[in-house]
Amino acid sequence: MRKLALHWQILIGMTLGVLWGMFASGFGLVTFTLDWIQPFGTIFINLLKVIAVPLVLVSLITGVSSLSDISRLSRIGSKTIGIYLFTTVLAVSLGLVLVNIFEPGKAFSPEKREEFREQFANTTSEKSSDAETVKEQGPLQPLVDIVPGNIFGAMTDNGKMLQVIFFALLFGIALITIPPDKAQPVNDFFEGTNMVILRMVDFIMKTAPYGVFALLAGLVVEFAGNDPGSAAELLLVLGYYCIVVVLGLAILIFIVYPLLFTTVGKIKYKQFYKAIFPAQMLAFSTSSSAATLPVTMECAERNLGINREISSFVLPLGATINMDGTSLYQSVAAVFIAQAYGMHLDLMTQLGIVMTATLASIGAAAVPGAGVVMLVIVLQQAGIPIEGIALILAPDRLLDMCRTTVNITGDATVAAMVARTEGQMHPVTEIRVE
Ligand code: ASP
């Protein structure tokens, strides 16, 4: 019998995980699930996370050095960053249009608002203390934060990926400029290490169906506790807001990206989605672009036919700085909160949101929940009360899963565009997802 393809196995794992979670919270198996099932999900995520820093470091160094000369590097680099910015601004603007049309925040009754504010006051103060730290820093602090004082310090924290990227770019550029006979052994070392890391990813992915089962089972019981009904009610109340976010994300995924990858990337609709499906499902289960990166790269190279030269440069960069889903979510969430508080946001303030949400999504780490922390900055700039985050925390994990899926799809779309315009695509004969 033919073995079921990995992406189907993952899908089955996810479905069973959700079903188990619901069953467990209905039949008093919450503690059992948290003690004996969820840890395997954590192990799976850790396995993916442990690969993230070495992968970004090694693939960017090999990516940059394979571009072989500085002028080529700066052309591809500026093209990549330009398209990334374009898609992000597009996403924020789309979010603003939708939230202004549907006005989900106005659906709350005043009593409900008060209730939410009290219920979540504690959790919010935690998030806003993060924001206070950000607020106290000078205007150039984000720039300072990109340059690590110690590379090993930077590599100890997946949230400092921008610093690792900075080091890798500098290293790669220096590597291009030294004499070829001296550069060769260094290149060989990194090429070999790259292959080892990708093989490790293969091994880890074999456990993915079990990993996502455990992750989703844990998530569902954590959310629902011993009372599945309470989760459902909360979701219903915030459903309208979620629908607007999800609608925006769907427009990005099903209309905006296809326009880009079919016209510029010259890839067929179905082929594209079949190719990156495994990465999308992993993004959905892990809520982390960084953890999904190895699989995004594999799908892009193997199934979309993007040459490694491009994918190893564009995708690690994109996982960290290109988060269209996150930026769309931030714009909808910010205006939603303002609406709930009865605030009117004029055009200038909304344009300000375009800018801060773009920057906040670039600055957000590619890990679960980063988007909501950075949302605080968007709110502060626009003068919207940060306590309002309380309103949207409950369904945030679910939206995080959706926006991360969009984030990595956007990265793959841009990689295809850059690769096509650079003549760096190879024909794909068979789409393999294992
Ligand atoms: N979880 C998202 C990502 O890794 C970031 C966020 O929006 O929280 O892409």
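Below is a summary of the structure that appears in this document. Residue positions are given per chain, counted from 1 along the sequence in the order it is written. Where local features are concerned, this predicted model is filtered to residues with pLDDT of at least 70; where side-chain atom pairs are given and counted, the filter is 80 or more; whole-chain, interface and lining totals use all residues. As a rule here, side-chain values come from all non-hydrogen atoms in the structure, and water together with hydrogens is ignored.

Quick word on the overall build of the protein chain
Item 1. Numbering of helices and strands starts at the N terminus; helices are DSSP runs of H or I of at least 4 residues and strands are runs of E of at least 2. A count of helical and extended segments in the protein chain gives 20 helices and zero strands.
Item 2. A simple rule labels every residue: compare its accessible area, found with a 1.4 Å probe on the protein chains alone, to the largest value its type can have, and call it buried under 20%, exposed over 50%, or partly exposed in between. Every one of the 434 residues in the protein chain was classed for burial, and the buried ones make up 53%.
Item 3. A separation threshold of at least 6 residues defines the contact pool for the protein chain, and within that pool the share at least 24 residues apart is 83%.
Item 4. In the structure as shown, the protein chain presents an accessible area of about 19100 Å², 67% of it carried by carbon and sulfur atoms. Contacts are residue-level and defined by heavy atoms, with any inter-residue pair within 4.5 Å sufficient. Values of accessible area rely on a 1.4 Å probe in the Shrake-Rupley scheme; residue burial ignores everything except the protein chains shown.

Some thoughts on the packing of aromatic side chains
One pair of aromatic rings is described through two measures. These are the centre distance and the angle between the planes.
Item 1. A pair of Phe, Tyr and Trp rings is counted when the ring centres sit within 6.5 Å of each other, with Trp represented by its six-membered ring. The angle between the planes then sorts it: under 30 degrees is stacked, over 60 is edge-to-face, the rest tilted. In this structure the tally under the stated criterion is 13 aromatic pairs.
Item 2. On the basis of an interplanar angle of 40° and a centroid distance of 6.1 Å, the ring pair of Phe167 and Phe171 is categorised as tilted. Placement of both Phe167 and Phe171 in helix 8 (residues 161-177) is noted, with a separation of four residues, approximately one turn of the helix.
Item 3. Phe167 gets classed as partly exposed once you look at its relative accessible area, which sits at 29%.
Item 4. Where Phe254 meets Tyr273, the ring centres are 6.3 Å apart and the plane angle is 45°; that geometry is what we call tilted. Here the residue Phe254 occupies a position in helix 12 (residues 239-263), and Tyr273 occupies one in helix 13 (residues 269-286), the gap between them amounting to 19 residues.
Item 5. Relative accessible area serves as the criterion here: at 13%, Tyr273 is assigned to the buried category.

Some words on the site of the ligand
Item 1. Around the ligand sit 15 residues, and of these Ser289, Thr326, Gly371, Asp400 and Arg403 come closest.
Item 2. Here an oxygen atom of the ligand and a backbone polar atom of Gly371 are 2.7 Å apart.
Item 3. Pairing of N or O atoms within 3.5 Å defines a polar contact, subject to two protein rules: one partner must be a possible hydrogen donor and the other a possible acceptor, and residues neighboring in sequence count only if both atoms are side-chain atoms. In the model, an oxygen atom of the ligand is placed 2.8 Å from a nitrogen or oxygen of the Asn407 side chain.
Item 4. Relative to its unbound accessible surface of 270 Å², the ligand loses 100% to contact with the protein.
Item 5. Broken down by secondary-structure element, the contributors of at least two residues to the shell around the ligand are helix 18 (370-382) and helix 20 (396-421).
Item 6. Per element, the largest residue contribution to the shell around the ligand is four residues, and it comes from helix 20.
Item 7. Asp, Glu, Lys and Arg are counted as charged, while Ala, Val, Leu, Ile, Met, Phe, Trp, Tyr, Cys and Pro are counted as nonpolar; the rest, among them Gly, fall into the polar class. Classifying every residue of the shell around the ligand gives five nonpolar, eight polar and two charged. For each residue, the test is whether any non-hydrogen atom lies within 4 Å of the molecule or strand; if one does, the residue is near.

Structural notes on the packing of helix 3 (residues 70-102) against helix 12
Geometrically, a packed helix pair is captured by the angle between its two axes and the distance between the axes.
Item 1. Where helix 3 contacts helix 12, the two axes come as close as 10 Å, and the packing angle between them is 140°. Classed by the angle they form, the pair helix 3 and helix 12 counts as oblique. Helix 3 and helix 12 meet at a crossing whose hand is right-handed. Here Thr87, Leu90, Ala91, Leu94, Leu98, Val99 and Phe102 of helix 3 lie close against helix 12, whose contacting residues are Tyr240, Val244, Leu247, Gly248, Ile251, Leu252, Val256 and Leu260.
Item 2. The residue inventory of the contact of helix 3 with helix 12, partitioned by class, reads 13 nonpolar, two polar and no charged. Note on method: axes are straight lines fitted to C-alpha atoms, helices fitted across the in-contact stretch only, with angles between N-to-C directions ranging 0 to 180 degrees. With respect to orientation, any angle under 35 degrees is reported as roughly parallel, any angle over 145 as roughly antiparallel, any angle of 65 to 115 as roughly perpendicular, and every other angle as oblique. The crossing is said to be left-handed when, going from far helix to near helix, the turn is anticlockwise and less than a right angle, and right-handed when the turn is clockwise.

Brief notes about unusual backbone geometry
Item 1. Here Lys266, not a glycine, exhibits a phi torsion of approximately 55°, which is positive.
Item 2. Looking at the element boundaries, Lys266 is found in the loop between helix 12 and helix 13.
Item 3. Lys266 sits in the exposed class, given a relative accessible area of 58%.
Item 4. In this structure, Ser287 takes a positive phi of about 55° despite not being glycine.
Item 5. Exposure remark for Ser287: the relative accessible area of 1% places this residue in the buried category.

Some thoughts on the nonpolar core
Generally speaking, nonpolar side chains in soluble globular proteins are found buried as a group.
Item 1. The biggest cluster of nonpolar side chains holds 130 residues, and the ones touching the most others in it are Tyr241, Ile306, Tyr329, Leu375 and Ile392.
Item 2. With 13 residues, helix 2 (residues 30-66) is the largest single contributor of residues to this core.
Item 3. Beyond its immediate chain neighbours, meaning those up to four positions away, Tyr329 contacts Tyr241, Val245, Gly371, Val372, Leu375, Ile392, Asp396, Leu399 and Arg403. By nonpolar core is meant a set of buried Ala, Val, Leu, Ile, Met, Phe, Trp, Tyr and Cys residues that side-chain atoms within 4.5 Å join together.

Digging into a nonpolar patch on the surface
Item 1. There is a patch of nonpolar side chains on the surface, built from Val97, Ile101, Phe102, Tyr240, Ile243 and Leu247 and spanning about 550 Å² of accessible area.
Item 2. Listing elements by their share of the nonpolar patch, those giving two or more residues are helix 3 and helix 12.
Item 3. Along the chain, the position of Tyr240 falls in helix 12. Patches here: salt-bridge-free residues with over 30% relative accessible area, like charges joined within 9 Å, nonpolar side chains (Val, Leu, Ile, Met, Phe, Trp, Tyr) joined within 5 Å. Take a side-chain nitrogen of Lys or Arg and a carboxyl oxygen of Asp or Glu: if they are within 4 Å of each other, that pair is a salt bridge.

Brief notes about the pattern of salt bridges
Item 1. Evaluated as defined, the whole model comprises eight salt bridges.
Item 2. Between Asp396 and Arg403 there is a salt bridge; the shortest N-O distance is 3.3 Å. Note on accessibility: Asp396 and Arg403 belong to one class, buried.
Item 3. A network of salt bridges, in which partner residues are shared, links Arg75, Lys79 and Glu422.

So, helix 2
Item 1. Residue count minus one, scaled by 1.5 Å, sets the expected span of a helix. The end-to-end C-alpha separation of helix 2 is 51 Å, in line with the 54 Å expected for 37 residues at 1.5 Å each.
Item 2. By definition, a residue's bend is the angle between the axes fitted to the seven residues ending there and the seven starting there. Along helix 2, the helix axis deviates most sharply at Gln38, where the bend reaches about 40°; the proline Pro39 sits within four residues downstream.
Item 3. The positive-phi residue at the C-terminal boundary of helix 2 is Ser68, with phi of around 55°.

Here we look at the side chain of Ser312
Item 1. Secondary-structure assignment places Ser312 in helix 15 (residues 308-321).
Item 2. Among the polar contacts listed, one links the side chain of Ser312 to the backbone oxygen of Arg308, at a separation of 2.7 Å.
Item 3. Excluding residues that lie within four positions of it along the chain, Ser312 makes contacts with Ser59, Leu60, Gly63 and Met297.

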